[in-house]
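# Architecture and fold: a report
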Amino acid sequence: MSIADIVGTLARANLPSPEDFQKRKVALISGITGQDGSYLTEFLLEKGYEVHGIIRRSSSFNTGRLHHLYEDQHERPIKFKLHYGDLSDSTNLVYIIAQVQPTEIYNLGAQSHVKVSFEMAEYTGDVDGLGTLRLLDAIRTCGLEKHVRFYQASTSELYGKVVETPQSETTPFYPRSPYGCAKLYAYWIVVNYREAYGMYACNGILFNHESPRRGRTFVTRKITRAAADIALGKQACLYLGNLDARRDWGHARDYVEGMWLMLQQPAPEDFVLATGETHPVREFVEKSFTKVGIELRWEGAGEDEHAIDVKTGKSIVKVDTRYFRPAEVDLLLGNPAKAERLLGWKRKVDFDSLVDEMVEADLKAAGSLVEDQN
Ligand code: NDP
Ligand code: GDR
C-alpha cells in the first residue's frame, strides 16, 4: 500500500454525507499565485469561503499577487491558507485534499504559456494534462468523488485552427500547440470522470482574459507595460510577433465569477466564457499607445512592418520573428450564449475599458500617471 493509499483510507473513514459535507464552504485552488487564482481568491473570500491554495516552492518571491490578502488577515477574520505542492506530485495532492477536505476544487494550475509549450512540450503535457488526472484521482483516493465540485480551467486554445466561428460548446476542437493538446486531454478526462464516476466536474472553456495582474510575457501586458515605459522614456522600442492574430479578450475579474457560477448549478456542465468580440493584436497596440498620448503610423509589411511615433518619426514598435509560433491560432471569437442563459453570466468590462485599466495600472507602476505626462 502506498502512502497516498494510506492517507486516502484515513480520509475515507468517517466521511459525512455529501449533503452535510456541502454545507461547508471550503475551496482549494491550484494555481492560486497566478492571475486568475488571485482574483478567484478575493471573490471566494468575499463570499465567506475558507480558501486554500497550492503554491510551488520557488527560490524567488512568487506570492506577489496574494500579498494584500496576507495583510488583510490582520485586519479582518478571513480564512486563507497556502500549502506547498505541485501538480506533478500525486502523493502531495492526496495529502492536501485529505487535510483540507474541500467542497470545491478549482484546477487553475498550469504551464499556461502557449509559445513556451513548444519548447517544454513534455513538461506541459505532464502538468496541464496528467496534472488534471492526478487531481481527479486524488479526489477519488480520498473518497470525495461524490462530495467535491471540480472546476477545470479549459481554454479556447482547444479550438485552435478555425473550424467555425463564433466558437461554442459544440464547436469541434483542433488544438495547435502542445499546450492546447495537453488541455485537450484534461478536458476529456474531466468529461470521462464525470460520466464514469458521477463526479460533479465542469470544464470552463474560457477565452483570453487579461488584467493588470496578467503575466508580463503575454501579449496584452507586454504591450501595456511597453506603452507606459516608452511614454516615460524608459524603453525605446516594443518587439512583437504576429500582429494579425485576433483574440476575444475579456477581464479576468469577470471570468472568475463565471468559474464559481459553474459550480453552483444543479448538475455539472461545460460552458464557454467569452465576450463575443474579436480584435487583432495590432488594435491592442494602437489603443494602448493612444492611451499614453502617442499616435502611431504603420509602415512596411510582413516581417519589416513597424510603427512610427508620428511626433518624433522614430520606430517604436517592430516585428521580431522570434515571437512567431511554429503553429498559430489565427482567430478566436467565442459565443457565451449558454453561460448567459443558464448561469446569468455576462462580462462587465468591454475591450476599451480593459485596455484603459491595464495601461493606467502600468503607468502608475512605472511611477507616473498619464496626466503628469501632458
Ligand atoms: P498564470 O500563468 O497566471 O498562472 C498559472 C498558475 O499555475 C500559477 O499559480 C503557477 O504557479 C501555477 N503552476 C504552474 N505550474 C504548476 C505546477 N507544476 N503545479 C502547480 N501549479 C503550477 O495563468 P492564468 O491565471 O492566466 O490562468 C489560470 C488557468 O486558466 C491556467 O490553467 C490557464 O492555462 C487557464 N486559462 C487561462 C486563460 C487566460 O486567458 N488567462 C484562458 C483560458 C484558460 P507559479 O506562480 O509558481 O508559476
Ligand atoms: P495566447 O496568449 O497564446 O492566446 O494564450 P498570448 O497573449 O501569449 O498571445 C496572444 C496572441 O498574440 C500573438 N503575439 C504575441 N504573443 C506573445 N506572448 N508575445 C508577443 O510578443 C506576441 N506578439 C504577437 C501570439 O502569437 C498570439 O496569437 C493565452 C494564455 O493565457 C493561455 O493559457 C490561454 O489558454 C489562452 O490565452 C486562451
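Everything below is about the structure shown above.
Below is a summary of the structure that appears in this document. (Residues numbered from 1 in each chain as written. Chains lettered and ligands numbered in written order. Predicted model: local features only at pLDDT ≥ 70, side-chain atom pairs only at ≥ 80, totals over all residues.)

## With respect to the site of ligand 1
Around ligand 1 sit 26 residues, and of these Gly31, Gly34, Gly109, Ala110 and Ala153 come closest. Among the elements that take part in the shell around ligand 1, helix 3 (residues 35–46) stands out by supplying 3 residues, more than any other. For the shell around ligand 1, a count of residues per class yields 7 nonpolar, 16 polar and 3 charged. (Near = placed C-beta within 6 Å. Helix = DSSP H or I, 4+ residues; strand = E, 2+ residues; numbered from the N terminus. Nonpolar A, V, L, I, M, F, W, Y, C, P; charged D, E, K, R; others polar.)

## Comments concerning helix 8 (residues 178–197)
Across its 20 residues, helix 8 extends 28 Å between first and last C-alpha, which sits within 8% of the 28 Å expected from 1.5 Å per residue. Of the residues flanking the end of helix 8, it is glycine 198, one or two places downstream, whose phi is positive at about 65°. (Expected span 1.5 Å × (residues − 1).)

## Let's talk about the packing of helix 3 against helix 10 (residues 252–262)
At a minimum axis distance of 9 Å, the contact between helix 3 and helix 10 shows a crossing angle of 65°. Considering how the two elements wind past one another, helix 3 and helix 10 form a crossing that is right-handed. Contact residues: helix 3 offers Gln35, Asp36, Tyr39, Leu40 and Phe43, while helix 10 offers Ala252, Arg253, Val256, Glu257, Met259 and Trp260. Here the residues of the contact of helix 3 with helix 10 are counted per class, giving 7 nonpolar, 1 polar and 3 charged. (Axes fitted to C-alpha atoms, helices over the stretch in contact; angles between N-to-C directions. Left-handed = near helix turned anticlockwise from the far one by under 90°. Contact = placed C-beta atoms within 7 Å.)

## Structural notes on the sheet that holds strand 1 (residues 26–30)
The 7 strands lie next to each other as 3-2-1-4-5-6-11, forming an open sheet whose pairing is parallel. The sheet terminates laterally at strand 3 (80–84) and strand 11 (271–273), the two strands that pair on one side only. This sheet shows a mean twist of 20° between the axes of neighbouring strands, independent of strand direction. When strand 4 (residues 104–107) meets strand 5 (residues 149–155), the two strands line up parallel, connected through 4 bridges. Looking at strand 5, one finds that glutamate 104 is bridged to arginine 149. Packing of helix 5 (residues 90–100) onto the sheet brings it into contact with strand 1, strand 2 (50–55) and strand 3, and relative to strand 1 it is tilted by some 160°. Packing of helix 8 onto the sheet brings it into contact with strand 5 and strand 6 (200–206), and relative to strand 5 it is tilted by some 150°. (Pairing = 2+ DSSP bridges.)

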